[in-house]
Amino acid sequence: QVQLVESGGGLVQPGGSLRLSCAASGSTFRIYAMGWYRQDPGKQRELVATITSGGSTNYADSVKGRFTISRDNAKNTGYLQMNSLKPEDTAVYYCNINRNILGTRYDYWGQGTQVTVSS
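Because the structure is predicted, anything quoted here is derived from the model rather than measured.

Visitor: An account of the environment of Cys 95 is requested, with residue identities and associated values reported.
Guide: One can find Cys 95 in strand 9 (residues 91-101). A C-alpha to C-alpha distance of 5.3 Å links Cys 95 and Gly 110, two positions 15 residues apart in sequence.

Visitor: Kindly report on unusual backbone geometry, identifying the contributing residues and their values.
Guide: Even without being a glycine, Ser 84 presents a positive backbone phi close to 50°. Residue position: Ser 84 is located in the loop between strand 8 (77-82) and strand 9. Using a relative accessible area of 41% as the deciding quantity, one classes Ser 84 as partly exposed. The phi torsion at Leu 102 lies on the positive side, around 50°, for a residue other than glycine. Assignment of secondary structure puts Leu 102 in the loop between strand 9 and strand 10 (104-109). Judged by relative accessible area, which is 87%, Leu 102 ranks as exposed.

Visitor: Go over the side chain of Arg 38 with me, naming the residues and quoting the values.
Guide: Along the chain, Arg 38 turns up in strand 4 (residues 33-39). In this structure the side chain of Arg 38 is engaged in a polar contact, spanning 3.5 Å, whose partner is the side chain of Ser 62. Non-local contacts of Arg 38, meaning those with residues more than four positions away in its chain, are made with Gln 44, Arg 45, Glu 46, Val 48, Ser 62, Val 63, Phe 67, Glu 88, Asp 89, Ala 91, Val 92 and Tyr 93.

Visitor: Please give an account of the pattern of salt bridges that cites residues and values.
Guide: Tallied over the entire structure, the rule returns 6 salt bridges. Between Asp 61 and Lys 64 there is a salt bridge whose closest N-O contact spans 3.1 Å. Overall, Asp 61 belongs to the exposed group, its relative accessible area being 64%. For Asp 107, the salt bridge goes to Arg 105, with nearest N and O atoms at 2.9 Å. Several salt bridges share partner residues, and in doing so they unite Arg 38, Glu 46, Arg 66 and Asp 89 into one network.

So, how was this worked out
- Residues numbered from 1 in each chain as written.
- Predicted model: local features only at pLDDT ≥ 70, side-chain atom pairs only at ≥ 80, totals over all residues.
- Heavy atoms only, no water.
- Helix = DSSP H or I, 4+ residues; strand = E, 2+ residues; numbered from the N terminus.
- Buried < 20%, exposed > 50% of the residue type's maximum accessible area, 1.4 Å probe, protein only.
- Polar contact = N/O pair within 3.5 Å; in protein donor to acceptor, adjacent residues only side chain to side chain.
- Contact = heavy atoms within 4.5 Å.
- Salt bridge = Lys/Arg side-chain N within 4 Å of Asp/Glu carboxyl O.

Keep in mind these values describe shape, not function.
Structural data, given as structure tokens:
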């Protein structure tokens, strides 16, 4: 069983930056794809960014050019660098890792970290 612990959320002014971290237990982090999702109360959880085990990245249109997803497999940790933050980025951010085994997808989620962008 993999456990994920997120950190780095908080309150920031518009235009500011935050760096989220996602620390995974165990030694198999490197074989998982990783993603960051966010959710506002009353809304569906939405994909923010993903990174494959090989390092290929993908971003939601709303964060392209502002957010950067990365991973350090030696530290079993993933990151989301968020720059030029906007009030609409306010949400609870969740870390996810996943892998497919014989056609079945296995997902693990962190507990979430609150990001609030406000002046």
